[in-house]
Amino acid sequence: MPNPIFFVDEMLNDLAISLRLCGFVSIYKKWESDDALISEAKEANGFIITSDRALSKQGEKIGVSAILVPVWSGKREKLVFVLKALKINEIYPETICTVCNGTLERAGKDKVVGKVPETVLSAFSEFMLCPSCGRVFWQGSHWKRIKSFLDEVSNLLKE
Ligand SMILES: [Zn+2]
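One structure accompanies this document, and this report is about it. Computed from a prediction, not measured in an experiment: that's the story for all the values here.

1. Remarks on the sheet that holds strand E4 (residues 66-68)
Strand order in this open sheet of four strands is E2-E1-E3-E4, and the pairing throughout is parallel. Taken across any chain shown, the strands that pair with only one partner, and hence form the sheet edges, are strand E2 (26-28) and E4. On average, each strand axis in the sheet is inclined to that of its neighbour by 25 degrees, with strand direction left out of account. Pairing of strand E1 (residues 6-8) with E2 involves three bridges; the strand directions are parallel. Counted as the bridge partner of Val8 is Tyr28 from E2.

Laid out in structure tokens, this is it:
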């Protein structure tokens, strides 16, 4: 089964980014209306992610699966809740662009010359490049924090 596509309610911006970090395409934007979100999710055969009970009911009424995320939970709990709801126990870090949902490609120094600062270019030898938006990612100082977050999530999914 291919990975699910998530259509994320505006209130859950953080969750959309977390899902992308884990390698899941997550559409998040300022939706015109609940109907707009629901119909896009239906068209793509995706899942609605929301904390709004009315929205989830409305989606399910026309056959779109919705995952109702508890509002009280934290960032990590929300993410684990969604993945467990779909019985997903594996994540795929560094595969999806956190900015645009593009599919990341591994790139060496030669591919990113001029796209990252010189200091970064000399300090790192592996990069991830998003062909859709052109952004380049590398395992800089922030990566440790992200990596430990992802490790925690990964462990919780196996429980
Ligand atoms: Zn991108």
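2. A short note on the pairing of strand E3 (residues 47-50)
For a regular strand, side chains alternate in direction, first toward one face of the sheet and then toward the other. Here E3 shows a buried face lined by Phe47 and Ile49 and a second buried face lined by Ile48 and Thr50. In terms of strand pairing, E3 meets E4 through three bridges, oriented parallel. Pairing of Thr50 across the sheet is with Leu68, part of E4. As for the winding sense of the linkage, the β-α-β connection from E3 through helix H3 (residues 53-61) to E4 is right-handed.

What counts, and where the lines are drawn
- Residues numbered from 1 in each chain as written.
- Predicted model: local features only at pLDDT ≥ 70, side-chain atom pairs only at ≥ 80, totals over all residues.
- Pairing = 2+ DSSP bridges.
- Helix = DSSP H or I, 4+ residues; strand = E, 2+ residues; numbered from the N terminus.
- Axes fitted to C-alpha atoms, helices over the stretch in contact; angles between N-to-C directions.
- Buried ≥ 20, exposed ≤ 12 C-beta atoms within 10 Å, placed from the backbone.
- Right-handed = clockwise from strand over helix to strand, strands pointing away.

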